[in-house]
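# Topology and contacts: notes
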Amino acid sequence: MTASVHRDVSTAAPTPDVLRDLLTTMWRIRAFEERVGALKRADEVHGLIHLSIGGEGVAAAVCRQLRDGDAVYSGHRAHGHAVAKGTPLDRTMAELMGREDGLCSGMGGSMHLVDVAHGFLGATGVVGGNIPLALGSALAAKQRGTDAVAVVFFGDGAVQAGLFTESVNLATLWRLPVLLVCENNGFAEFTPRSAHTTVERVSDVVAPYPLPRTTVDGNEVGEVWSAFSELLARARAGEGPALLECLTHRLRGHYEGDPDRYREAVSTEDWQRKDPILRLQRAGHDAGWLAADEPAALEAAARAEVDEAVAWARSSPFPAVARAAALVESGGAR
Amino acid sequence: MAREITYIAAIMEGIHQEMSRDEDVLLIGQSVGGSPEDPFVAAFGPDRVRVTPISETAEIGMAAGAALAGKRPVVDCTMAEFLLVAMDQVVNEANRFHYMSGGRVTAPLVLKAGYGFTAGWAGQHTGSIYGMFMGVPGLKVALPSTPADAKGLMATAIRDDNPVLFLHHYLLTLETGDVPEGEHLVPFGQAAIVRPGTDVTLVATGWTVHRALEAAEELAADGVSVEVIDPRTIAPLDVDTVLASVERTGRLVLVDQATRHASVSAIIAAEVAEAGFASLRAPIVQVTALDAPIAYSKPMEDFVLPDVAKIVAGVRRAVDATVPHDAATAVR
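Residues numbered from 1 in each chain as written. Chains lettered and ligands numbered in written order. Predicted model: local features only at pLDDT ≥ 70, side-chain atom pairs only at ≥ 80, totals over all residues.

In this section: the interface of chain A and chain B. Counting from both sides, the interface comprises 35 residues of chain A and, opposite them, 38 residues of chain B. Listed by contribution, the elements that provide at least two residues to the side of chain A that touches chain B are β2 (120-123), α5 (130-143) and α6 (162-173) of chain A. The biggest single contributor to the side of chain A that touches chain B is α5(A), with nine residues. Along the lines of polarity and charge, the residues of the side of chain A that touches chain B split into 18 nonpolar, 14 polar and three charged. (Contact = placed C-beta atoms within 7 Å. Helix = DSSP H or I, 4+ residues; strand = E, 2+ residues; numbered from the N terminus. Nonpolar A, V, L, I, M, F, W, Y, C, P; charged D, E, K, R; others polar.)

With that out of the way, let us pick up the packing of helix α2 (residues 56-63) of chain A against helix α8 (residues 221-236) of chain A. Residues and elements named next belong to chain A. Two elements in contact, α2 and α8, have axes separated by 8 Å at closest approach and are oriented at 35°. Of the two possible hands of crossing, α2 and α8 adopt the one that is right-handed. Residues G57, V58, A60, A61 and V62 of α2 touch α8, and the partners they reach there are V221, V224, W225 and F228. Counted by class, the contact of α2 with α8 contains eight nonpolar, one polar and no charged residues. (Axes fitted to C-alpha atoms, helices over the stretch in contact; angles between N-to-C directions. Left-handed = near helix turned anticlockwise from the far one by under 90°.)

Right, let's get into the environment of T118(B). All names here are of chain B. For T118, the position within the fold is in the loop between β5 (110-115) and α6 (131-134). Taking the C-alpha atoms as reference points, T118 and K298, separated by 180 residues in sequence, lie 9.3 Å from one another. For T118, the residues in contact, after removing those within four places along its chain, are T126, L171, I294, E301 and L305.

Right, let's get into helix α9 (residues 239-249) of chain B. All names here are of chain B. Of all the residues in α9, the buried ones are V242, S245, V246 and T249. Looking straight down α9, one finds that the buried residues subtend no more than 100° of arc, so they occupy a single side. On its buried side, α9 packs onto β10 (200-203), β11 (226-230), β13 (252-259) and α10 (264-275). Two residues or fewer after α9 comes G250, characterised by a positive phi angle close to 80°. (Buried ≥ 20, exposed ≤ 12 C-beta atoms within 10 Å, placed from the backbone. Arc of directions from axis to C-beta.)

This next bit is on the domain arrangement of chain B. Residues and elements named next belong to chain B. For chain B, the domain assignment lists domain 1 (2-180) and domain 2 (192-331). Here the C-alpha centroids of domain 1 and domain 2 sit 28 Å apart. Facing the 23 residues of domain 1 at the interface are 22 residues of domain 2. Grouping the constituent residues of the side of domain 1 that touches domain 2 by class yields twelve nonpolar, nine polar and two charged. (Domains from an automatic or database assignment.)

Residues and elements named next belong to chain B. Taken in spatial order, the seven strands make up an open sheet running β3-β2-β4-β5-β7-β6-β12, and their pairing is mixed. The open sheet is flanked by β3 (49-51) and β12 (233-235), the only strands paired with a single partner. When the angles between neighbouring strand axes are averaged without regard to direction, this sheet yields 20°. Relative to β5, strand β4 (residues 72-79) runs parallel, the two being bridged by four bridges. Within the sheet, the bridge partner assigned to V75 lies in β5 and is L111. (Pairing = 2+ DSSP bridges.)

Before going further, it helps to examine the pairing of strand β14 (residues 285-289) of chain B. Residue and element names in this part refer to chain B. The element β14 is extensively covered by neighbouring structure, given that four of its five residues are classed as buried. Both β13 and β14 contribute to a ladder of five bridges, which runs parallel. Bridge pairing in β14 links T259 to A289. In this fold, β13 hands off to α10, which returns the chain to β14; that crossover is right-handed. (Right-handed = clockwise from strand over helix to strand, strands pointing away.)

See the structure below:
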């Protein structure tokens, strides 16, 4: 196998039904994230919160093609990936509100969401720490002889960490069914990529390794879908790992409350050009698969579902503090 | 049926038997499975016995991910200091997942590493660095001192659903002892009273257990009866056995090869000072290494470390410093 850069992603274009599905998921994430931001400002969601507004297209297009048996790992900006992978909005919201009925009983929070039933194996809060974990899930899938894969989402900031290169080396050496999905939003926390590295494209960082690498416009959801589809098929067929770099934009600061003085504000016009939801809706209208009134209906449905999730989460109690040390260790053994 | 084998052979026998018992157990490391004749490769094949590049973070993180996915990897990390390269993966990922997920996932992972190689290996290969792991939530730490315990603690570690740091002492590698042939499990959190006594409680781990036993023998000739306790695991730590012993003896001497301020002895001293103060008839004595790296020069290496003479002196100090029990209780 030779290293190759795939930039032509015209193959395997998503059908209108798939695109409508993706749009629905993107609205669910957008409505969820905007509400989390508001709840954070109202102190109903406490703690450190990183929103994924602007990145919905990548989460939706990647996770729509996965099964519950495929493992997904995410990082500190995890809500969108979790929702796209199928975690229920109510229990996800309850977790962010630190409630007993949250995905992790309120013990993990925003940066540590886990939902085993939906294959969301987990979010980790230390940049890049999730990448080798995904390799382990991929190894387990391969050893069991299944065609399951592991997917790990990370930002361009993680690529400068040593463990990224270590993991790419090990994944290619062992031909693990792991898909490395980099959301390159141009900023590593508070710093532009140009201040961290001389390599512009993440896909070029892995150039010496024998794995397919593709860079796509992450705001163009159909493009992400097609590129990932091709890489996923290879991984399921036992042909090993791949890297997908998605160029995205983070509308919010690094975290909620970030004064965001390190970058210029995007003008409304610019954002409307970039916004993956608006772009998909424009494309849908142009191509004729999306009726004029459908976006408003999708948005309203998503916001109603989030309202219900918030009400449900509010009705859940906080976990009993007496159990604060009860789950440090598992009592189990084989 | 027990027979005499070396400490390292006992460890590897424990791993081998667990790999036979459970096909999810994997052996991973930078120097494992060197050839098709390797007994692990021969028995279990190259899919379960995997050599890795010198990439501690990816290696340990990958094993942690496999554990989250239901495998039970044993990672041979070679030396305890090499764990430092991958600290996020050792103390901040697999060990936290059970807790952070509200108890929904487990990470049955064993990290095996040697420590304490005070044989001229100098500043970066000789440390007794278990102190920095014993207070890490979700991580268990085993420190076997005999071949039988080494096998039994390894088997227990592999079956445990939590990450376990299994630290074997390099100076014990070729020491021999009786080891049961078949299944042998040593429970975690249960100290062993390796020599009963009545005058002084002496707690030691790893290689220093044997130095403590030598010291006890020497002191017995002078009529001082020393009880020697080996905690065997320091997380969980069996404080109760130590407290019960101190209740009988009234004196506590702690031996530790670690730097004094990152030692198991400092933790035990604090626990006994708080919960066993009324039993103490003398101040607690700690015989530890200095708060210094281990020097290369042989005389300086010896000077830094605890040895039999220092342990004997420590016990004598505890015996000689005996205060009237009434005085001790009067302070309260």
